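What follows is each chain in one-letter form.
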Protein chains: 2
Amino acid sequence: MQHEQLSRIQTRINAHLNQKIAQLTDSTIAIAPLTEALVYASSQGGKRLRPALCFSLGTSLGVSDDALLDCAVAIEFIHAYSLVHDDLPAMDNDVLRRGQPTCHIQFDEATAILTGDALQGLAYQTLIESAHLTAQQKVTACQLLLEAAGPRGMIAGQMLDILGENAELNLAQLTQLHQLKTGALITASLLLGALTSSHFDELKPILITLGNTLGLAFQIQDDLLDIEVPTEARGKTQGRDAELGKSTYPSLLGLDGSKIMRDQLIRQANDALENIASNPAVTGDLRFLANIIRFIGERQH
Amino acid sequence: MQHEQLSRIQTRINAHLNQKIAQLTDSTIAIAPLTEALVYASSQGGKRLRPALCFSLGTSLGVSDDALLDCAVAIEFIHAYSLVHDDLPAMDNDVLRRGQPTCHIQFDEATAILTGDALQGLAYQTLIESAHLTAQQKVTACQLLLEAAGPRGMIAGQMLDILGENAELNLAQLTQLHQLKTGALITASLLLGALTSSHFDELKPILITLGNTLGLAFQIQDDLLDIEVPTEARGKTQGRDAELGKSTYPSLLGLDGSKIMRDQLIRQANDALENIASNPAVTGDLRFLANIIRFIGERQH
């Protein structure tokens, strides 16, 4: 992927995230460990993949950077909250994330629970207080994100993930789990990128197809990396899925079968991209989005 | 308090809560333990004090029942989420709530964390998807609730509460803690009740005064009940504050001093109520709100 483009987005997202956290934890009542944990959990490392999807699509549709930045940061706050809570001892009980101690290890469990809670709220607050969206756009953006992150989306997926520990899921069940746990928020990232475009309604179905396809490809690659990449290289505990007795694509399809399915999904994503390119709403360059799609299939971290 | 009026509100809130949960956990992807836990955590028992405050003020201002119901349910979802997370082992580690096992005891810790997460989102979703508020009213309602429940409100209060275990707080610190942890959401309940009134802006300062006053009175009474009322009578573990080494109003002011302060606050609340009564926006009866104020100072559960 064009690293320069991605790292430019990462830099802007990180700056905007920190600014939002500073604004939303007003100094007169800033509680030291809470504010530190909010910054720690949301600003360290991370590929900023979801913001990049939101941005790359949005700019190709001529959406203003300011509106995209608010949407992208809101999505990343949701992602950060989900990681903090997923890593908790009662959930995946993971001690390492992006090469750093997870939030409850760095601080403590109570602080990590509250940090996740706060990050969820900050996501919606970023949208609601945006100076670059109309009231109706704020409402629609919140609705899309709430739906993707809630008990019909990400939370349902995480619940299925926990119920699936030490149980054998079939391919349909595993796919549903990851469509909810990962796909829904990736899809929302694309939808929020297109939200302020006048062609939003007609683009919506193909963006949902693209998001779901990318979500699964992302997850298959994640499962493969969990097996193939050592802890030090990835900054994440190797072999955690197997330890937790989780069903994965490689456990159902084998390594080769998983790679075939992943590559098939990436081809489907590129087909969806071609469909999007033919829409008159696209006035800019789709190469950045094409690069992200390639990155999702090839990433090594 | 006029029990009939309160129990009428409770019945309507409970019905609306269950309806929202059913809607927002669509049957095609309802995950059994998650849906059960959502219903368990939000619909069992509870005084529905915050919804009652929202309702009693709103109806005196001529706000429609439908709009009030959505606001009241959103507030109660936030309250329910905060209780589920506060009871977790890493937080207050409480096993009993409203005479029932707490959520993580009845289900398990992972389910309780996800249930709290889901309830927080459902609060904002209830406002965002309301058929009885304009886009601008939804935005303002979300903003008020996010502010009250976030890291400048309830979450900051909960963090201070945890940091205050086994530490000695002075009266100013204890008051700040409870203004954030309890007062902010009680104040938001009044503000959301008045939101759609054309006199909202002029009423706002006095509603904030009333809310903060009631929040503290409520907390002092809570501290007193924690000492004076046995577990069986209250459905909540007696003496939990002392066990956790928490500073309380009785530990700082004694039982008598606390009662004097509580009664003073109730008088101040009644003064605020008189001020509100003189506003031309008040077209209905304020007796229900007056009764709730009395109840807050006298309640035995």
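Quick caveat, the model's predicted, so the values are computed rather than measured.

**Looking at the interface of chain B and chain A**
And then number 1: Taken residue by residue, the interface counts 47 residues in chain B and 47 residues in chain A.
And then number 2: Taking both sides of the interface into account, the surface hidden between chain B and chain A amounts to around 4,200 Å²; carbon and sulfur atoms contribute 75%.
And then number 3: In terms of surface lost to chain A, no three residues of chain B exceed Pro151, Arg152 and Met159 of chain B, which account for 16% of the buried area on that side.
And then number 4: For the pair chain B and chain A, the number of links is 10 residue pairs in polar contact (both at pLDDT 80 or more).
And then number 5: Contributions of two or more residues to the side of chain B that touches chain A are made by α1 (3-24), α2 (32-43), α4 (65-86), α6 (109-128), α7 (135-149), α8 (154-163) and α9 (171-194) of chain B.
And then number 6: For the side of chain B that touches chain A, the element with the most residues is α6 of chain B, which contributes 13 residues.
And then number 7: Grouping the amino acids of the side of chain B that touches chain A by side-chain chemistry returns 29 nonpolar, 11 polar and seven charged.

**A closer look at a nonpolar patch on the surface**
Residues and elements named next belong to chain A.
And then number 1: On the surface, Leu171, Leu252 and Leu253 cluster together to form a nonpolar patch covering roughly 200 Å² of accessible area.
And then number 2: Following the sequence through the fold, Leu253 ends up in helix α13 (residues 249-277).
And then number 3: Residue class for Leu253 comes out partly exposed when judged on its relative accessible area of 31%.

**Overview of the packing of α9 of chain B against helix α13 (residues 249-277) of chain B**
Residue and element names in this part refer to chain B.
And then number 1: Between α9 and α13, the least distance of the axes is 10 Å, while the angle of their chain directions is 100 degrees. On the basis of the axis angle, α9 is roughly perpendicular to α13. Residues Leu171, Leu174, Thr175 and His178 of α9 touch α13, and the partners they reach there are Tyr249, Leu252 and Leu253.
And then number 2: A class-by-class count of the residues in the contact of α9 with α13 yields five nonpolar, two polar and no charged.

**A few points about the relation of the copies chain B and chain A**
And then number 1: Structural alignment of chain B on chain A gives an RMSD of 0.0 Å, achieved by rotating through 180 degrees and translating 0.0 Å along the axis. The operation mapping one copy onto its partner corresponds to a two-fold rotation axis. Relative to the rotation axis, the closest C-alpha in chain B is found at Ala135 of chain B, a distance of 2.8 Å.

**Quick look at α6 of chain B**
And then number 1: Across its 20 residues, α6 of chain B extends 29 Å between first and last C-alpha, which sits within 8% of the 28 Å expected from 1.5 Å per residue.
And then number 2: The opening residue of α6 of chain B is Asp108 of chain B, an N-cap whose side-chain oxygen sits 3.3 Å from the backbone nitrogen of Ala110 of chain B.

**A word on unusual backbone geometry**
Note: most residues except glycine have negative phi, and most peptide bonds are trans.
And then number 1: With a phi angle near 55 degrees, Arg98 of chain A is a residue other than glycine that sits in the positive phi range.
And then number 2: Its place among the elements puts Arg98 of chain A in the loop between β1 (96-97) and β2 (100-101).
And then number 3: With a phi close to 55 degrees, Arg48 of chain B is a non-glycine residue in the positive phi region.
And then number 4: According to the relative accessible area criterion, Arg48 of chain B is buried, its value standing at 2%.

**What to know about the packing of aromatic side chains**
And then number 1: Under the counting rule described, the total for this entry stands at three aromatic pairs over all chains.
And then number 2: Consider the rings of Tyr40 of chain A and Phe107 of chain A, whose centres lie 5.5 Å apart with planes at 80 degrees: the pair is edge-to-face. Here the residue Tyr40 of chain A occupies a position in helix α2 (residues 32-43), and Phe107 of chain A occupies one in the loop between α5 (103-106) and α6 (109-128), the gap between them amounting to 67 residues.
And then number 3: Given a relative accessible area of 21%, Phe107 of chain A falls into the partly exposed group.
And then number 4: Measuring from ring centre to ring centre gives 6.3 Å for Tyr124 of chain A and Tyr124 of chain B, while their planes differ by 35 degrees; the resulting arrangement is tilted. Highlighted residues: Tyr124 of chain A in helix α6 and Tyr124 of chain B in helix α6, drawn from two different chains.
And then number 5: The cationic tip of Arg299 of chain A hangs over the ring face of Phe218 of chain A; the distance from NZ or CZ to the ring centre is 3.9 Å.

**Thoughts on the state of the cysteines**
And then number 1: Evaluation of the coordinates by the stated rule reveals zero disulfides over all chains.
And then number 2: For the unlinked cysteine Cys142 of chain A, the closest cysteine sulfur is that of Cys142 of chain B, found at 5.7 Å.
And then number 3: For Cys142 of chain A, a relative accessible area of 1% corresponds to the buried category.
And then number 4: In this structure Cys54 of chain B is a free cysteine whose sulfur lies 5.3 Å from that of Cys71 of chain B, the closest cysteine sulfur available.

**Looking at α13 of chain A**
Residues and elements named next belong to chain A.
And then number 1: The terminal C-alpha atoms of α13 lie 31 Å apart, and with 29 residues this falls more than 12% below the ideal 42 Å at 1.5 Å per residue.
And then number 2: Those residues of α13 lying buried are Tyr249, Pro250, Ser258, Met261, Arg262, Leu265, Ile266, Ala269, Ala272, Leu273 and Ile276.
And then number 3: Residues of α13 that are buried in the fold lie against α3 (49-60), α9 (171-194), α10 (200-228) and α14 (287-298).

**Things to note about the pattern of salt bridges**
Residue and element names in this part refer to chain B.
And then number 1: This model, assessed by the stated rule, comprises 32 salt bridges over all chains.
And then number 2: In this structure, Lys181 engages Asp161 in a salt bridge whose closest nitrogen and oxygen atoms are separated by 2.8 Å. A residue pair is termed long-range when its members are at least 10 positions apart, and Lys181 in helix α9 and Asp161 in helix α8 qualify at 20 residues. Each of the two residues, Lys181 as well as Asp161, counts as buried.
And then number 3: In this structure, the salt-bridge partner of Asp161 is Lys246, at a minimum N-O distance of 2.8 Å. One end of the pair, Asp161, is in helix α8; the other, Lys246, is in the loop between α12 (240-243) and α13, and 85 residues separate them in sequence.

**Structural notes on the side chain of Ser130 of chain A**
Residue and element names in this part refer to chain A.
And then number 1: On the secondary structure map, Ser130 appears in the loop between α6 and α7 (135-149).
And then number 2: Look at Ser130 and you get buried, because its relative accessible area is 4%.
And then number 3: Excluding its chain neighbours within four sequence positions, the residues that come into contact with Ser130 are Asp70 and Lys138.

**A closer look at the environment of Ile266 of chain A**
Residues and elements named next belong to chain A.
And then number 1: Along the chain, Ile266 turns up in helix α13.
And then number 2: Distance in space between the C-alpha atoms of Ile266 and Gly297 is 6.6 Å, their sequence separation being 31 residues.
And then number 3: Apart from the residues within four sequence positions on either side, Ile266 is in contact with Ala217, Ile293, Ile296 and Gly297.

Rules and cut-offs
Residues numbered from 1 in each chain as written. Chains lettered and ligands numbered in written order. Predicted model: local features only at pLDDT ≥ 70, side-chain atom pairs only at ≥ 80, totals over all residues. Heavy atoms only, no water. Contact = heavy atoms within 4.5 Å. Buried area = accessible area lost by both parts, 1.4 Å probe. Polar contact = N/O pair within 3.5 Å; in protein donor to acceptor, adjacent residues only side chain to side chain. Helix = DSSP H or I, 4+ residues; strand = E, 2+ residues; numbered from the N terminus. Nonpolar A, V, L, I, M, F, W, Y, C, P; charged D, E, K, R; others polar. Patch = residues over 30% accessible without salt bridge, like charges linked within 9 Å, V, L, I, M, F, W, Y side chains within 5 Å. Areas by Shrake-Rupley, 256 points an atom, 1.4 Å probe, with all protein chains shown as cover. Salt bridge = Lys/Arg side-chain N within 4 Å of Asp/Glu carboxyl O. Buried < 20%, exposed > 50% of the residue type's maximum accessible area, 1.4 Å probe, protein only. Axes fitted to C-alpha atoms, helices over the stretch in contact; angles between N-to-C directions. Parallel < 35°, antiparallel > 145°, perpendicular 65-115°, else oblique. Least-squares fit on C-alpha atoms with pLDDT ≥ 70 in both. Expected span 1.5 Å × (residues − 1). Phe/Tyr/Trp six-rings, centres within 6.5 Å; stacked < 30°, edge-to-face > 60°. Lys NZ or Arg CZ within 6 Å of the ring centre and 35° of its normal. Disulfide = S-S within 2.5 Å.

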